[in-house]
Amino acid sequence: MRPGIDVECREVGLRDGIQIQKVFFPTVGKIAWLTAEAAAGMPEIEVCSFVPPKLLPQFADAAEVVAAAKTIDGYCIAALSPNLRGAMDAFNAGVHKLNYVTSVSEEHNLANVRRTVDESVEDFKRIVALRDESAGDNKVKLATGLATALGCSISGQVPIADVMKLAERFVEAGADELVVSDTVGYANPQQVKDMFTAVINEFGKQVPVAAHFHDTRGLGLANVYAALESGCRHFDASLAGLGGCPFAPKATGNIVMDDLVFLLEGAGLKTGVDLDKLVEVREIVATNLPEEPLHGMYAKAGAPKGFVPATQAA
Ligand code: ZN
């Protein structure tokens, strides 16, 4: 975690937020977005996904976006890949961090990345080996996303024991981080509390445990608070709540980054993000996706009278 902050927010809008957008988000627009958000103090931005352009044309410009992202200092550049092939491309492009994603639910993993969970774990081991071959001290960090950890739109409820088992396999294989993900927005705060308490108690001393929530059923920020109380200090979110999942009908929306920062800063937790500057970045999204509804209550209502964000109170 960057020094001087209490909680780490990670922008995933450029990946999760736009992956199912039919409209191509222009490359210059993506670069403008990540540049502005880095300038607002965002400590980590997932800038793209390394997948075949035939599957997701939205990320045909992945290498170009990473190259541009690397000209700006002071934040962690992350990219997603579900396999070795994409990981190679991400390493070659020069990302700081690779987000590898596997669903806890076998059915969802087959639908999403066309492989069994076992195959995904084996491929991750090959990615770790490839990463470890690379020279130098600044090795790429490998985060493993546990998708559908809090419920699956295909198989329904997902037992905590299944999540713990997969988490253990990834930590043993060399994961640098676990991202517990409510991919389809099923979770409620009590469930989040049980899950994060279990995962953090078991693995929290070895690796950071992050949360990835969707606001599909309106409980996104309540889930953040439950995870926070369970000791979680790393949260994914997307500016203006863009996002969704192709296998979860109507699962539109990551939690809203601007509202997340408002919640955390109001709780006295420094994020290092300038909330006013962050809200201004929404303009870039609006310009490039004019048809897309933008979510977020803070941007609509503004700051409460006398509100002083924790980052600015320092
Ligand atoms: Zn997501």
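Our structure is the block above this text.
Let me begin by describing the structure that accompanies this report. (Residues numbered from 1 in each chain as written. Predicted model: local features only at pLDDT ≥ 70, side-chain atom pairs only at ≥ 80, totals over all residues. Heavy atoms only, no water.)

What follows deals with the overall build of the protein chain. On a plain count of helices and strands, the protein chain comes out with 13 helices and eight strands. Along the first, second and third principal axes, the C-alpha atoms of the protein chain reach 50 × 40 × 40 Å. Relative to its 314 residues, the protein chain shows a buried fraction of 54%. Of the roughly 13200 Å² that the protein chain leaves accessible, carbon and sulfur atoms contribute 54%. Considering the protein chain, the positive charge centre built from 28 side chains and the negative charge centre built from 40 side chains are found 1 Å apart. (Helix = DSSP H or I, 4+ residues; strand = E, 2+ residues; numbered from the N terminus. Buried < 20%, exposed > 50% of the residue type's maximum accessible area, 1.4 Å probe, protein only. Areas by Shrake-Rupley, 256 points an atom, 1.4 Å probe, with all protein chains shown as cover. Lys, Arg positive; Asp, Glu negative; His and termini not counted. Charge placed at Lys NZ, Arg CZ, Asp CG, Glu CD.)

This part takes up the sheet that holds strand E7 (residues 209–213). Here eight strands make up a closed barrel; going around it, the order is E1-E2-E3-E4-E5-E6-E7-E8 and the pairing parallel. Adjacent strand axes in the sheet meet at a mean angle of 25°, parallel and antiparallel pairs treated alike. The sheet strands contacting helix H6 (residues 117–133) are strand E4 (97–103) and strand E5 (141–147), and the helix crosses E4 at an angle near 165°. Along the sheet face, helix H9 (residues 220–229) touches strand E6 (177–182), E7 and strand E8 (234–237) and points at about 170° away from the line of E7. (Pairing = 2+ DSSP bridges. Axes fitted to C-alpha atoms, helices over the stretch in contact; angles between N-to-C directions. Contact = heavy atoms within 4.5 Å.)

In this structure, Phe91 sits in helix H4 (residues 84–93). Phe91 sits in the buried class, given a relative accessible area of 18%. Spatially, the C-alpha atoms of Phe91 and Leu130 are 9.3 Å apart, while their sequence positions differ by 39 residues. Setting aside its immediate chain neighbours within four residues, Phe91 contacts Leu98, Ile127, Leu130, Arg131, Val140 and Leu142.

Attention now goes to the environment of Leu275. Mapped onto the elements, Leu275 comes out in helix H11 (residues 275–288). Sequence-distant contacts of Leu275, that is, excluding residues within four places in its chain, are made with Asp258, Val261, Phe262, Tyr298 and Phe307.

As a further point, take the packing of H6 against helix H7 (residues 160–173). At their nearest, the axes of H6 and H7 sit 10 Å apart, and the two run at 20° to each other. Relative to H7, H6 is oriented roughly parallel. For the crossing formed where H6 meets H7, the hand is right-handed. Counted together, Val117, Asp118, Val121, Phe124, Lys125 and Val128 of H6 and Leu166, Arg169, Phe170 and Ala173 of H7 form the full contact between these two elements. A breakdown of the residues in the contact of H6 with H7 according to their chemical character gives seven nonpolar, no polar and three charged. (Parallel < 35°, antiparallel > 145°, perpendicular 65-115°, else oblique. Left-handed = near helix turned anticlockwise from the far one by under 90°. Nonpolar A, V, L, I, M, F, W, Y, C, P; charged D, E, K, R; others polar.)

When you line up the elements, Glu37 lands in helix H2 (residues 27–39). Despite its burial, Glu37 pairs with no opposite charge, the nearest such side chain being Arg282 at 10 Å. (Salt bridge = Lys/Arg side-chain N within 4 Å of Asp/Glu carboxyl O.)

Turning to the coordination of the zinc ion, a few remarks are in order. Of the protein atoms, only Asp16 (OD), His212 (NE2) and His214 (NE2) coordinate the zinc ion, at distances of 1.9 to 2.1 Å. Of note, the zinc ion draws all its donor residues from one chain, in the sequence arrangement D-x195-H-x1-H. Among the residues examined, His212 registers a relative accessible area of 7% and is labelled buried. By relative accessible area, which is 3% here, His214 ends up buried. (Donors = N, O, S within 2.8 Å, 3.2 Å for Na, K, Ca; no water.)

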